[in-house]
Amino acid sequence: MTTGFPSNDGQADILIVDDDPANIGVVARALEDRGHRVLVAQDGEEGLARAERIHPDLLLLDVMMPGLDGFEVCRRLQQNPATHHTPVIFMTALADMRDKLAAFEAGAVDYVTKPLQIEEVTARVETQLKLAAMQRQLEAQNIELATHRDHLERLVAERTAELSEINAQLRLEIAERRKAQEDLAAREREFRTLAENTPDNIVRYDRQCRTVFWNRQLQKTLGIDLSGSLGKTPNELNPGGQFAEYQARIAAVLASGAPDEIEITLPDSGDGERYHHVRFVAERDEEDSIDGVLAIGRDVTERKRAERELVLLNRALDHAFDATYLLDTDLRFRFVNEAAERAL
């Protein structure tokens, strides 16, 4: 066999190295009866050559042989990578403890003494074959475990690298988001500073037309507490009438993005009304999507009153009996009433 350990059917290749044919014959028959294949070498040199060629599962080695003795053969087997793992059992007539220790030092796994007791030989052979098989099985399992461990380590390394990359990307995204939030907060502070220091009325509405911000000037203009208006639509605060149209204009800006305007009347601090011109403009997020509407209202009551007074004055002048002229600095007519026209 070339596997270095017994096959699955229990048969093993056993090499006997001994210069005594009688010993060889007895041992060989006993081992063959147990189903093993026996090969023979009759001196040390032949034993080394055959062992390297056939890679036996076990070697029975005589100590006292002409030429290379068993100790030297065993040492050379141990030094050769091809036969290093082959278990060696010495067959020796030497009973001295120093000789037994020398056998183990040379690399033997066991020994039997001559004259050989066949039952003992076969028992020790079977034990060593089983030990060798278990050793090889353990080595194979260790290799498999090492391969599996290496695979797991590669997976862990790959996953660690992926997680590191993901963490780096997350850190970058967090930094970018934090910067965006800081920029947004800065812009919000700027907006509120401007909104709270303008004479205009400022109101912000979200995509559902709900109030999300109003400035102090609006509260001053209305003269009422607006704290309950947040989260409500204009039509919820003032159902029907001009505020239904007001909310419809907000919805139109949310839908189209185009600015719009409306003129509404609001009660003043007395019993009268004041006119307000309101312009609606869309507010957009970082992705240029509409996310709300900004309403900018200006009190135009004085302008409206001046316009009304001017109309009344023109009517009065038109019906005056005296001719009335209005000249500019270049003596060009700016106004001529009906009486003046008849006179001309």
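What this report covers is the structure whose coordinates are included nearby. (Residues numbered from 1 in each chain as written. Predicted model: local features only at pLDDT ≥ 70, side-chain atom pairs only at ≥ 80, totals over all residues. Heavy atoms only, no water.)

1. Some remarks on the sheet that holds strand 1 (residues 13-17)
Note the following rule: Only strands that DSSP links by at least two bridges are regarded as paired with each other. Helix and strand definitions follow DSSP, with helices as H or I runs of at least four residues and strands as E runs of at least two, each counted in order from the N terminus. Angles here are taken between N-to-C directions and fall from 0 to 180 degrees, while the axes themselves are lines fitted to C-alpha atoms, restricted in helices to the stretch in contact. Only heavy atoms matter for contacts: two residues are in contact if any of them lie within 4.5 Å across the pair.
Strands sit in the order 2-1-3-4-5 across an open sheet of five strands; the sheet is parallel. The sheet terminates laterally at strand 2 (37-41) and strand 5 (110-113), the two strands that pair on one side only. For this sheet, the mean inter-axis angle between neighbouring strands, taken without regard to orientation, is 20°. The pairing of strand 3 (residues 58-62) with strand 4 (residues 88-92) spans four bridges and is classified as parallel. The residue bridging Asp62 from the neighbouring strand is Met91, located in strand 4. The sheet contacts of helix 5 (residues 118-195) involve strand 1, strand 3, strand 4 and strand 5, and relative to strand 5 the element is tilted by about 175°.

2. As for the side chain of Lys100
Selection criterion: Burial here depends on accessible area, computed with a 1.4 Å probe over protein chains only, as a share of the maximum for the residue type. Under 20% is buried, over 50% is exposed, and the range in between is partly exposed. Pairs of N or O atoms are called polar contacts if they sit within 3.5 Å, as long as, within protein, a hydrogen donor faces a hydrogen acceptor (for residues adjacent in sequence, only side-chain-to-side-chain pairs).
Turning to its location among the elements, Lys100 is positioned in helix 4 (residues 97-106). The exposure class of Lys100 is buried, given its relative accessible area of 19%. A distance of 3.3 Å separates the side chain of Lys100 from the side chain of Tyr111, its partner in a polar contact. In contact with Lys100, not counting residues within four places along its chain, are Ala95 and Tyr111.

3. A closer look at the sheet that holds strand 9 (residues 273-284)
The strand order 7-6-10-9-8 describes an open sheet built from five strands, whose pairing is antiparallel. Each edge of the open sheet is held by one strand with a lone partner, namely strand 7 (211-214) and strand 8 (260-267). If you compare each strand with its neighbour and ignore which way they point, the axes differ by 25° on average. Both strand 6 (residues 201-205) and strand 7 contribute to a ladder of three bridges, which runs antiparallel. Bridge pairing in strand 7 links Val203 to Trp214. Relative to the sheet, helix 5 contacts strand 6, strand 7 and strand 10 (290-299), its axis offset from that of strand 6 by approximately 145°.

4. Details of the pattern of salt bridges
To keep it simple, the criterion reads: Any carboxyl oxygen of Asp or Glu that lies within 4 Å of a side-chain nitrogen of Lys or Arg is treated as forming a salt bridge with it.
For the structure on display, the rule yields 27 salt bridges. The shortest N-O distance in the salt bridge between Arg305 and Glu302 comes to 3.4 Å. Here Arg305 and its partner Glu302 are both found in helix 9 (residues 301-318), three residues apart, which amounts to about one turn of the helix. Arg305 sits in the partly exposed class, given a relative accessible area of 31%. Salt bridges here are not isolated pairs; linked through shared partners, they connect Glu188, Arg192, Arg204 and Glu283.

5. Digging into the packing of aromatic side chains
Note the threshold: Aromatic rings from Phe, Tyr and Trp, with only the six-membered ring used for Trp, were paired whenever their centres fell within 6.5 Å, and each pair was classed as stacked if the ring planes differed by under 30 degrees, edge-to-face if by over 60, and tilted otherwise. Cation placement over rings: the criterion is NZ of Lys or CZ of Arg within 6 Å of the ring centroid and within 35° of the ring normal.
This model, assessed by the stated rule, comprises six aromatic pairs. A centroid spacing of 6.2 Å and a plane angle of 75° characterise the contact between Tyr205 and Tyr246, whose relative ring orientation is edge-to-face. You can see Tyr205 sitting in strand 6 and its partner Tyr246 sitting in helix 8 (residues 242-256), a full 41 residues away along the chain. Centroid distance Phe243 to Tyr246: 5.8 Å. Interplanar angle 55°. Geometry classified as tilted. With Phe243 and Tyr246 both in helix 8, this residue pair falls three residues apart, about one helical turn. Here Phe243 matches Tyr246 in class, with each residue buried. Grouping aromatic residues by their ring pairs yields a cluster made of Tyr205, Phe243, Tyr246 and Phe280. Sitting over the ring of Phe191, Arg204 keeps its end group 3.8 Å from the ring centre. Lying across the ring of Tyr275, Lys304 places its NZ or CZ 5.5 Å from the centre.

6. Re the pairing of strand 2
What counts here: Here, the term right-handed applies to a crossover whose path from the first strand over the helix to the second runs clockwise when the strands point away from the viewer.
As judged from the five bridges shared by strand 1 and strand 2, these two strands associate in the parallel manner. If you follow Leu15 over to strand 2, its bridge partner there is Leu39. Once the chain exits strand 1 it traverses helix 1 (residues 21-33) before rejoining the sheet at strand 2, and the crossover so formed is right-handed.

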